[in-house]
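# Per-entry structural report
Here is what each chain is made of, one letter per residue.
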Amino acid sequence: SQTIHQWPATLVQPVGSPLSLECTVEGTSNPNLYWYRQAAGRGLQLLFYSVGIGQISSEVPQNLSASRPQDRQFILSSKKLLLSDSGFYLCAWSLGDTQYFGPGTRLTVL
Amino acid sequence: GESVGLHLPTLSVQEGDNSIINCAYSNSASDYFIWYKQESGKGPQFIIDIRSNMDKRQGQRVTVLLNKTVKHLSLQIAATQPGDSAVYFCAENRGGGSYIPTFGRGTSLIVHP
């Protein structure tokens, strides 16, 4: 069966520091991968998606970037965090219509 | 895309009651719909899905109803339990290979013992 991992689970970072969040998927090949952000009490905002290694589509202009160095690895990065980057970051995978989500990373920027 | 709003709609029910959570979707071309459950601090979990060629689908204690005429989707939970307390999201997906669903803003279900 497929599983999706995200780490770290929680992160507290100062403004201006770099960020690297990692997502890996097991048990499947060539999945579509997604990064979402969820602000408290709000819905899901799609940040990036990828249909293959090295292929990244950005949905929202911002100071975040994403990379897919391996088939089942998706990384969300920033060179300098802003206060507004705080939120709950979710990675998801799909092979068709249905997305399956990871456990999320709670990021607090102080 | 992002769902915006300061406060989530909330549904409060007593344990043992049936719950109905509603969702209006916007795209008449959408042909696949999903309900997710998100517990506090966790990622959304897939509950049940339905394709546009159906108007009803049943799972374990859950039923999804689809009314394409009015673009309305509902999730019915039978004999609601405290463990059902969570935020429930609907998602619509347009056919033709588009794998970017549009999520609803979510409804908070609170089950009182």
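Given the structure is predicted, the values throughout are model-derived calculations rather than measurements.

### Quick word on the overall build of chain A
Helix and strand content of chain A: 0 helices and 11 strands. Helices (α) and strands (β) of chain A occur, in sequence order from the N terminus, as β-β-β-β-β-β-β-β-β-β-β. Its C-alpha atoms give chain A a radius of gyration of 13 Å, near enough to 13 Å, the size a compact globule of 110 residues would have. Overall, the C-alpha framework of chain A stretches about 35 × 25 × 20 Å when taken along its three principal axes. Relative to its full complement of 110 residues, chain A shows a buried share of 49%. Nonlocal contacts in chain A, meaning residues at least 24 apart in sequence, comprise 54% of its contacts between residues at least 6 apart.

### With respect to the nonpolar core
Formed by 20 residues in total, the largest nonpolar core has its most connected members in Trp35(A), Phe48(A), Leu76(A) and Tyr89(A). Elements that contribute at least two residues to this core include exactly β3 (19-26), β4 (32-38), β5 (44-52), β7 (64-70), β8 (73-78), β9 (87-94) and β11 (105-109) of chain A. The residues contacting Phe48(A), other than those within four sequence positions of it, are Leu33(A), Tyr34(A), Trp35(A), Ile56(A), Ser57(A), Ser58(A), Gln62(A), Leu64(A), Ser65(A), Ala66(A), Phe74(A) and Leu76(A). Judged by nonpolar contacts, the second largest core, of 19 residues, contains Ile48(B), Ile50(B), Leu66(B) and Leu75(B).

### Description of the sheet that holds β3(A)
Residue and element names in this part refer to chain A. Within the open sheet, the 4 strands sit side by side as β1-β3-β8-β7. Their pairing is antiparallel. Edge positions in the open sheet fall to β1 (3-7) and β7, since each of these has one partner strand only. Neighbouring strand axes in the sheet, compared pairwise and without regard to direction, differ in orientation by 20° on average. Looking at chain direction, β7 and β8 are connected through 5 bridges and run antiparallel.

The rules behind the values
- Residues numbered from 1 in each chain as written.
- Chains lettered and ligands numbered in written order.
- Predicted model: local features only at pLDDT ≥ 70, side-chain atom pairs only at ≥ 80, totals over all residues.
- Heavy atoms only, no water.
- Helix = DSSP H or I, 4+ residues; strand = E, 2+ residues; numbered from the N terminus.
- Rg over C-alpha atoms; globule rule 2.2 N^0.38 Å.
- Buried < 20%, exposed > 50% of the residue type's maximum accessible area, 1.4 Å probe, protein only.
- Contact = heavy atoms within 4.5 Å.
- Core = buried A, V, L, I, M, F, W, Y, C linked by side-chain atoms within 4.5 Å.
- Pairing = 2+ DSSP bridges.
- Axes fitted to C-alpha atoms, helices over the stretch in contact; angles between N-to-C directions.

Any functional reading would require information beyond the geometric quantities listed.
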